[in-house]
Amino acid sequence: MGLVLRSLKNWRLFKKDKLKSRYEVVVIGAGVHGLSTAYHLAKRGINNVAVFDKSYLGGGSSGRNTQIIRANTRLPESTKFYKEALEGYEKLSKEVNLNLLINQCGHLTLAHSEFELDVLRLRAQSNRKLGVDSRVIGKDEIKELVPYIDLSENKRFPIVGALWHPRGGNIRHDAVVWGYASVANKLGVEIYTHSEVKDIKKEGNEVRSIIVNGEEVKCNYVINATAGWCSTVAKMVDIKLPITTIPLQACVSEPLKPFMNVVLVSVRLAAYFYQTERGEFVMGAEIDPYPSYSYRSTLPTLENIATAIIELVPCLSQVKVIRQWAGICDLTPDFSPIMGEVPEVKGFLLNVGWGTYGFKTAPASGKALAELIATGKTPELIKPFSITRFYENRLMDEKASAQTAH
Ligand SMILES: Cc1cc2nc3c(=O)[nH]c(=O)nc-3n(C[C@H](O)[C@H](O)[C@H](O)COP(=O)(O)OP(=O)(O)OC[C@H]3O[C@@H](n4cnc5c(N)ncnc54)[C@H](O)[C@@H]3O)c2cc1C
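Nothing here was measured: the structure is a model prediction, and the numbers come from that model.

This part takes up the overall build of the protein chain. A count of helical and extended segments in the protein chain gives 11 helices and 18 strands. For the protein chain, the C-alpha radius of gyration of 21 Å lies close to 22 Å, the compact-globule estimate for 406 residues. Relative to its full complement of 406 residues, the protein chain shows a buried share of 48%. Considering only intrachain contacts with a sequence separation of at least 6, the fraction spanning at least 24 residues in the protein chain is 76%.

The next subject is the domain arrangement of the protein chain. Each domain of the protein chain was delimited in the assignment, giving domain 1 (14-64 + 174-242 + 335-402), domain 2 (107-165) and domain 3 (244-331). Computed from C-alpha atoms alone, the centre-to-centre distance between domain 1 and domain 2 is 36 Å.

To continue, consider the environment of G214. Along the chain, the position of G214 falls in the loop between β10 (206-212) and β11 (215-224). Separated by 147 residues in the primary sequence, G214 and Q67 place their C-alpha atoms 35 Å from one another.

In the vicinity of the ligand there are 41 residues, among which G31, G60, N65, G327 and G358 approach most closely. Broken down by secondary-structure element, the contributors of at least two residues to the shell around the ligand are α2 (32-43), β12 (244-253) and β16 (321-331). For the shell around the ligand, the per-class residue count stands at 16 nonpolar, 20 polar and 5 charged. Residue assignment places the shell around the ligand across two domains, with domain 1 (14-64 + 174-242 + 335-402) and domain 3 (244-331) each supplying three or more.

This brings us to the packing of α2 against helix α9 (residues 362-375). Helix-helix packing is described using two parameters, namely the angle between the two axes and the distance between the axes. Contact pair α2 / α9: the axes reach a minimum separation of 7 Å and the direction vectors enclose 45°. Viewed along their axes, α2 and α9 adopt a mutual orientation that is oblique. The handedness of the crossing between α2 and α9 is right-handed. The segment α2 lies against α9, with V32, H33, S36, T37, Y39, H40 and L41 engaging A362, P363, S365, G366, K367, L369, A370 and I373. Here the contact of α2 with α9 is composed, by residue class, of 8 nonpolar, 6 polar and 1 charged.

So, on to unusual backbone geometry. For Q67, which is not glycine, the phi dihedral falls at a positive 70°. Along the chain, Q67 falls in the loop between β2 (49-52) and β3 (68-69). On the neighbour-count criterion, Q67 (23 C-beta atoms within 10 Å) is buried. Backbone geometry places N393, a non-glycine residue, at a positive phi of 55°. Tracing the chain through its elements places N393 in the loop between α10 (388-391) and α11 (399-402).

Summarising burial for strand β6 (residues 161-165): 5 of the 5 residues are buried, a large majority. What you see with β6 is no split at all: G161, L163 and H165 on one side and A162 and W164 on the other are buried throughout. In this structure, strand β4 (residues 107-111) lies alongside β6, joined through 5 bridges in antiparallel fashion. Each residue of the ladder has a partner; that of L110, found in β6, is A162. Two strands pair when backbone bridges link them, and strand β5 (residues 135-137) and β6 are joined in this way by 3 bridges, in the antiparallel orientation. Counterpart to I137 in the pairing with β6 is A162.

A few words now on the sheet that holds β6. Taken in spatial order, the 8 strands of this open sheet run β5-β6-β4-β13-β14-β15-β12-β16, and their pairing is mixed. Two strands in the sheet have a free side with no partner beyond their single neighbour: β5 and β16. In this sheet, adjacent strand axes meet at a mean angle of 25° when their direction is disregarded. With respect to the sheet, helix α8 (residues 299-312) is in contact with β12, β13 (263-266), β14 (271-275), β15 (281-285) and β16, its orientation differing from that of β15 by roughly 115°.

Cut-offs applied
- Residues numbered from 1 in each chain as written.
- Predicted model: local features only at pLDDT ≥ 70, side-chain atom pairs only at ≥ 80, totals over all residues.
- Helix = DSSP H or I, 4+ residues; strand = E, 2+ residues; numbered from the N terminus.
- Rg over C-alpha atoms; globule rule 2.2 N^0.38 Å.
- Buried ≥ 20, exposed ≤ 12 C-beta atoms within 10 Å, placed from the backbone.
- Contact = placed C-beta atoms within 7 Å.
- Domains from an automatic or database assignment.
- Near = placed C-beta within 6 Å.
- Nonpolar A, V, L, I, M, F, W, Y, C, P; charged D, E, K, R; others polar.
- Axes fitted to C-alpha atoms, helices over the stretch in contact; angles between N-to-C directions.
- Parallel < 35°, antiparallel > 145°, perpendicular 65-115°, else oblique.
- Left-handed = near helix turned anticlockwise from the far one by under 90°.
- Pairing = 2+ DSSP bridges.

Pasting the structure below:
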């Protein structure tokens, strides 16, 4: 048993006999963001790159999320970025030569009051101005999209309208992870799973090397793409991130005959759900009420999800939940990511702050970070998301669009 465990510990997914003594770029974290970054670096010809993950490929939130993709955010800067990411996902199956089962069934955010509807109208206008399909629809159209929804008026939170985003939907998360990993590896990127980066060494204010698998490996750049653990990695270079790690839970039902082909979200009821091609309902909720690194799922969250979903689509009341799980999320105070350099340490780059909504953005984050390293210039697209916004009090408030909607 001891032998098996030891050999598992040293198991490297994309086998390389020996670590090199120096890499141009070290990526910490083999989730969608780390792997997308590594792939885009290699695509630009920078392939002296190693990705390290302390767990298995996609073992963080990239393999635990509910796979929702969309681009209907609130602020113009975010919408431009999320639009590029959505377009990236639309092309990704071809790019990585793997069917990622993208399903652009549409994303529907319900409004339960006239005030909520007004806010959604503003969002729709701002989205459309930037070329994102997004509009407010009334109850008749909602009924057409979700025939079994309860639109009666004598309930706690009656539905008055919704924000409709037809190009939103979902895409298989494990396939995305494997697609990025295999194509990056083919281009020369080395990927080491079960390899925890224990420390990062500096020389003056520059990154010099990392400590991994008992070896010191030199590098010019370190990219922190460790989501829920990103504060612990930033601490290695004495950086304190404005990030809190909080668990998020989800669950899945037994399979039913397909009858709902849309992602349905109610921020007021703090729940969202959709039916997969296999017929299961994937259901999610609000973040846990306290910071933690725990993967434990809880009964109160399951009850909250069930209460909300039965209120919206009552015919689901007898359906059995077959699995519930949790992942951890790296939340910033403004619910927007942090990408790019940190002024305090040269060569240390961030691709973090993805909170509960980061799976959908990997095609754009990786491309932008690779451009930054290749050209030495921060791309316009990610400038608003630098860490300095917290030093300069110019937050990118996306709470209303990111909180429960994913
Ligand atoms: C239940 C749930 C539902 C979600 N639903 C959605 C959704 O529908 N749509 C959406 O867009 N987003 C969603 N999210 C958020 C999304 O999953 C994350 O934002 C995204 O996956 C983050 O990807 P990542 O690559 O940054 O991090 P991760 O996938 O978490 O990868 C980070 C990796 O870093 C590794 N690591 C940590 N420390 C070290 C170290 N010292 N050395 C080496 N490796 C290390 C970890 O093992 C991990 O594999 C959801 C999240 C959860 C938990």
